[in-house]
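Topology and contacts: notes
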Amino acid sequence: MKTVQLPGGEKVPALGIGTWMMGERAAARKEETESVRLGVELGLKLVDTAEMYGEGACESFLGEALAGLRDKVFLVSKVYPHNASRAGVIAACERSLKRLKTDRLDLYLLHWRGGVPLAETIIGFEHLKSQGKISHWGVSNFDTDDMNELYETPGGEGCVTNQVLYNLTRRGPEWDLIPWLQQHEMPLMAYSPIEQGRIKTGGALGEVAAKHGAKPFQVALAWALRYPGNIVIPKASRPEHMRENAGARDIKLDAEDLAKLDAAFPPPSRKRSLEML
């Protein structure tokens, strides 16, 4: 399994599991549980969720789906901006821990910028670290200016990752955000790496997939993994899709492949505002 090193030295899987909209339909619960457990078995041991997902339903689902597996996974959750005050983030974390049936999070993220000053959120995060409730903290949906502001805030250098929308059709972060993160040796965590299944699977993507005996979405994941500092968290609600996601680790894209994908999905030629889903 390819790994990515967090600031501080801890290594985490480069390919993990996203869970947005999982645990919200009773009819799908058994299959989703099987998929998550299979993913962990296949080495996709970074599992990402958020209190926003189903207003806690996803965390509750994972609390059951990961039964007996907690010590094998790197568990990530996210706090709502309106809960990110000094006291609010502590209370929100406690609720997430209860739903997830665990005593700690490996990584806790501020889901996006809100009205609470970053200094307050950082104090709350650091308190949770001192209590052993979280091991690391980071941010999500922060653009380059946000990251600069974070680093200018006391304690802001404690951030270990920035989770953003990044895939073949959403390449804006390459303009200045990814260079900023690389300069600060901070991983980017890419969510919706196949654009929720909407990336065009024909043309260049299909051709590269055929060359490698792979499926187009596997190539899209391999492309997102091409940077050494990227963590990629696709969702797979069905076991067969989880196996496909895991197979992306074995695809090695060459210069010809990357050039073909660049022609079909051009990199940014100017600064673009960070996009969110």
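Read on for a plain summary of the structure. No experiment lies behind these values; they were computed from the predicted model shown. (Residues numbered from 1 in each chain as written. Predicted model: local features only at pLDDT ≥ 70, side-chain atom pairs only at ≥ 80, totals over all residues. Heavy atoms only, no water.)

**A few points about the packing of helix 2 (residues 57–65) against helix 3 (residues 86–100)**
How two helices pack is summed up by the angle between their axes together with the distance between the axes. Threshold: Axis definition: a line fit to C-alpha positions, over the contact stretch in the case of helices; interaxial angles, taken between N-to-C directions, run 0 to 180 degrees. We count a stretch as a helix when DSSP gives it H or I for four or more residues in a row; a strand needs E for two or more, and each element gets its number in order from the N terminus. To sort the angles, those under 35 degrees are grouped as roughly parallel, those over 145 as roughly antiparallel, those from 65 to 115 as roughly perpendicular, and the leftovers as oblique. Two residues form a contact once any of their heavy atoms are found within 4.5 Å. All residues other than Ala, Val, Leu, Ile, Met, Phe, Trp, Tyr, Cys, Pro, Asp, Glu, Lys and Arg, Gly among them, are scored as polar; the first ten of these are nonpolar and the last four charged.
Orientation of helix 2 relative to helix 3, taken along the N-to-C sense of each, is 40 degrees, at an axis distance of 7 Å. Taken together, the axes of helix 2 and helix 3 lie oblique to each other. Side by side, helix 2 and helix 3 meet where E59, S60, L62 and G63 of the first sit next to S96, R99 and L100 of the second. Counted by class, the contact of helix 2 with helix 3 contains two nonpolar, three polar and two charged residues.

**Let's talk about the pattern of salt bridges**
The cut-off we apply is this: Criterion for a salt bridge: a side-chain nitrogen of Lys or Arg within 4 Å of a carboxyl oxygen of Asp or Glu. Residue burial is assigned from relative accessible area. The probe radius is 1.4 Å, only protein chains are included, and a residue is buried under 20% of its type maximum, exposed over 50%, and partly exposed in between.
Within this structure, the stated rule accounts for 24 salt bridges. A salt bridge links E174 to R226; the nearest nitrogen and oxygen atoms lie 3.2 Å apart. In this pair, E174 is assigned in the loop between strand 7 (159–165) and helix 6 (177–183) and R226 in the loop between helix 8 (216–224) and strand 9 (230–233), connecting sequence segments 52 residues apart. A relative accessible area of 25% means that R226 is categorised as partly exposed. One salt-bridge network, in which partners are shared between bridges, spans R170, E195, R198 and E275.

**Overview of the packing of aromatic side chains**
The condition that has to hold: Aromatic pairing here means that ring centres of Phe, Tyr or Trp (its six-membered ring) are within 6.5 Å. Orientation follows from the plane angle: under 30 degrees is stacked, over 60 is edge-to-face, and everything else is tilted. Think of it as a cone above the ring: NZ of Lys or CZ of Arg counts as a charge over the ring if it is within 6 Å of the ring centre and within 35 degrees of the ring normal.
On inspection of all chains with the given rule, the structure shows six aromatic pairs. In textbook terms, an aromatic cluster arises when at least three aromatic residues are bridged by ring pairs, as seen for Y108, F125 and W137. Above the ring of W223, the side-chain terminus of R226 is found at 3.8 Å from the ring centroid. For R226, the ring lying beneath its charged end belongs to Y227, and the centroid distance is 4.4 Å.

**Details of helix 2**
Along helix 2, the residues that are buried comprise C58, E59, F61, L62, G63 and A65. As for helix 2, its buried residues are in contact with helix 1 (29–41), strand 3 (46–48), strand 4 (74–79) and helix 3.

**Details of the pairing of strand 7**
Under the convention used in this document: A strand pair is defined by DSSP finding two or more bridges across the two strands. Here the term right-handed applies to a crossover when the path leading from its first strand over the helix to its second strand runs clockwise, the strands being oriented away from the viewer.
A large share of strand 7 lies buried, amounting to seven of its seven residues. Of the pairings in the sheet, the one linking strand 6 (residues 134–140) to strand 7 comprises three bridges and is parallel in character. Across the sheet, the residue bridging to W137 is C159, located in strand 7. In this region the chain leaves strand 6, passes through helix 5 (residues 144–152) and returns to the parallel neighbour strand 7; the handedness of that crossover is right-handed. At this point the chain moves from strand 7, through helix 6, to the parallel strand 8 (residues 188–191), and the crossover so formed is right-handed.

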